[in-house]
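Spelled out, the chains give:
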Amino acid sequence: MIGAPHRLARVPLYTPAHRTPAYLAVNPLGTVPTLVLPDGETVTESAAILLLLSERHPEAGLVPAPGSPERPRFLRWLAYLSATVYPPTRRYYHLADHVAGAVAQAELRRTTVAEQVRLWVAMEAAFDPAPYLLGDRPSALDLAMAMIARLSAPEAGFAVACPKLAAARDAIEAHPEVAPVWRENFPDSAPDFAGDRADA
Amino acid sequence: MALLDLVGAPYRIVSIDINTPDHPTAELLAVNPLGQIPTIAMPGGRIVTESAAMMIAIAEDYPESGMAPATNAPERPAFLGWMVYLAANVYPAVRRYFFSGEIAESETARDEVRRMAMKELQRDWRVMEAAVDPAPYLLGRAPTALDLYTAMLSRWAVDQDWFRESCPKLAAARDRIEDDPKVATVWRENFLNFE
Ligand SMILES: N[C@@H](CCC(=O)N[C@@H](CS)C(=O)NCC(=O)O)C(=O)O
Ligand SMILES: N[C@@H](CCC(=O)N[C@@H](CS)C(=O)NCC(=O)O)C(=O)O
């Protein structure tokens, strides 16, 4: 969306080729995504990557400028997604990192799904997408929201619990620069796409 | 609070005790649906929750304070990267450690959640320790909001002797920012393990 030249290096998650010493050297937590800048500096954390790239390309209009009146709200919800919604989203796929045993893990799955629902519902109440979260233009917040929504637990029922957010998600996923990336990364969710899927 | 003092912003504090039976109060829920602190009302009544978001927003409103490197500054990638790293990794681990009962019911499961949270927290600190080169502040010669955020989070949950021994570079940077009398005053009020 910002038109920056880049090269994509895929990290096959949950395979032996994932947590290799080479990958851990660029991101010691072993998570994706990791961005390597032209000068070799690495940036981890999806929210930081979104902010940095959007700020470096103000012409793309993906973030309210620092000091502008809309900036605090934008930062609030971007941090909400990354620091509050993402952790239980991730936890759902890594229950064994927190407790041992089937019973405890089933309980943790239940509380984790309940937490996801509560967090999405609180966000749903704070937005009136038109059609994007911040109005008639897409922003980095739409990307962060759509990505984490796609990762949220199926039984959290995101689209039913949060119709307004789901509509904003559909809007950003139909964006011509976004649709191909999403189709590749979230193939299971393709049937939900509002966009044109003729070339899928 | 310390950041508001450092940038010279006027403010009024509303103290909230999260350990009383009536927490979260209707007043807090009205501004923060999750009933969490910190929550701030910026000029114009704009409510900001999420500690990292409010620190970045405040720092950016006072560019001359240098508390947030400018968007075109060479320190900007590290600034954003570590602010989000702390908010999205360290803080959630601290939360799981203190509020294990929110996600686990049985006593055994709770203990385990706490133990794993502490393990993860220590790993998160070690990863940051290995990556930084304070000179003497985390991003170079001048302090930024990152120094405050790091110092604040490192005063929670982890054993302070462990932190100083395992993360000497972070601890040294922390000493520098905590030397500031404005920071020390706020810290003295908020952290029993300070001084
Ligand atoms: N806080 C990180 C979280 C990243 C994250 O959890 N990524 C997942 C994929 S969505 C991952 O790498 N999982 C594999 C693993 O942790 O081994 C961010 O926002 O970038
Ligand atoms: N992601 C939030 C987390 C805030 C948070 O966990 N605050 C705790 C105190 S350290 C709280 O308000 N706990 C009370 C509660 O959750 O009811 C942030 O960065 O501000």
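About the criteria used
- Residues numbered from 1 in each chain as written.
- Chains lettered and ligands numbered in written order.
- Predicted model: local features only at pLDDT ≥ 70, side-chain atom pairs only at ≥ 80, totals over all residues.
- Heavy atoms only, no water.
- Helix = DSSP H or I, 4+ residues; strand = E, 2+ residues; numbered from the N terminus.
- Contact = heavy atoms within 4.5 Å.
- Axes fitted to C-alpha atoms, helices over the stretch in contact; angles between N-to-C directions.
- Parallel < 35°, antiparallel > 145°, perpendicular 65-115°, else oblique.
- Nonpolar A, V, L, I, M, F, W, Y, C, P; charged D, E, K, R; others polar.
- Near = heavy atom within 4 Å.
- Polar contact = N/O pair within 3.5 Å; in protein donor to acceptor, adjacent residues only side chain to side chain.
- Areas by Shrake-Rupley, 256 points an atom, 1.4 Å probe, with all protein chains shown as cover.
- Salt bridge = Lys/Arg side-chain N within 4 Å of Asp/Glu carboxyl O.
- Buried < 20%, exposed > 50% of the residue type's maximum accessible area, 1.4 Å probe, protein only.
- Domains from an automatic or database assignment.
- Buried area = accessible area lost by both parts, 1.4 Å probe.

A. Examining the side chain of A:Glu55 more closely. Relative to the helices and strands, A:Glu55 resides in helix H2 (residues 46–56). In contact with A:Glu55, other than residues within four places in its own chain, are A:Val63, A:Arg71, B:Glu60, B:Thr71, B:Arg76 and B:Leu80.

B. Structural context of the packing of helix H5 (residues 140–151) of chain A against helix H7 (residues 163–173) of chain A. Residue and element names in this part refer to chain A. The N-to-C vectors of H5 and H7 enclose an angle of 110 degrees; their axes lie 9 Å apart at closest approach. Comparing their axes, H7 and H5 come out roughly perpendicular. In contact with Asp142, Leu143, Met145, Ala146, Ala149 and Arg150 of H5, H7 contributes Leu165, Ala168, Arg169, Ile172 and Glu173. Tallied by class, residues from the contact of H5 with H7 come to seven nonpolar, no polar and four charged.

C. Summary view of the site of ligand 2. Around ligand 2, the structure places 13 residues, and the nearest of them are B:His23, B:Ile37, B:Glu50, B:Ser51 and B:Arg95. Among the chains of the assembly, those with residues near ligand 2 are chains A and B. Between ligand 2 and B:Ile37 there is a distance of 2.7 Å, counted from a nitrogen atom to a backbone nitrogen or oxygen. A distance of 2.8 Å separates a nitrogen atom of ligand 2 from a polar side-chain atom of B:Glu50.

D. Focus on the site of ligand 1. All names here are of chain A. Neighbouring ligand 1 are 13 residues; Arg19, Val32, Glu45, Ser46 and Arg90 lie closest to it. The separation between an oxygen atom of ligand 1 and a polar side-chain atom of Arg19 is 2.9 Å. A distance of 2.6 Å is found between an oxygen atom of ligand 1 and a side-chain nitrogen or oxygen belonging to Ser46. Considering ligand 1 on its own, with 510 Å² of exposed area, one finds that the protein chains cover 91% of that surface. When the residues that make up the shell around ligand 1 are grouped by side-chain class, the tally is six nonpolar, four polar and three charged.

E. Representation of the pattern of salt bridges. Applying the stated criterion to the full structure yields 16 salt bridges over all chains. Measuring nitrogen to oxygen at the nearest pair gives 2.6 Å for the salt bridge that ties A:Glu55 to B:Arg76. Of this pair, A:Glu55 sits in helix H2 while B:Arg76 sits in helix H4 (residues 76–98), on two different chains. Residue A:Glu55 shares its accessibility class with B:Arg76, and that shared class is buried. Put simply, A:Arg110 and B:Glu105 hold a salt bridge, and the shortest N to O gap is 3.6 Å. Here the residue A:Arg110 occupies a position in helix H4 (residues 102–125), and B:Glu105 occupies one in the loop between H4 and helix H5 (107–131), the pair thus bridging two chains. Residue class for B:Glu105 comes out partly exposed when judged on its relative accessible area of 45%. By sharing partners, the salt bridges in this structure join A:Glu55, A:Arg71, B:Glu60 and B:Arg76 into a single network.

F. Layout of the domain arrangement of chain B. Residues and elements named next belong to chain B. As far as domains go, chain B holds domain 1 (2–65) and domain 2 (76–190). Between domain 1 and domain 2, the C-alpha centre-to-centre distance is 20 Å. A buried area of about 1,200 Å², summed over both sides, lies between domain 1 and domain 2, and 73% of it is on carbon and sulfur atoms. Of all residues in domain 1, the largest losses of buried area upon contact with domain 2 belong to Ala2, Leu6 and Met55, amounting jointly to 38% of the total for that side. Remark: the boundary between domain 1 and domain 2 carries one salt bridge. Between Arg76 and Glu60 there is a salt bridge whose closest N-O contact spans 2.9 Å. In terms of residue count, the dominant contributor to the side of domain 1 that touches domain 2 is helix H3 (residues 51–61) (five residues). Across the side of domain 1 that touches domain 2, the residue classes tally to nine nonpolar, two polar and two charged.

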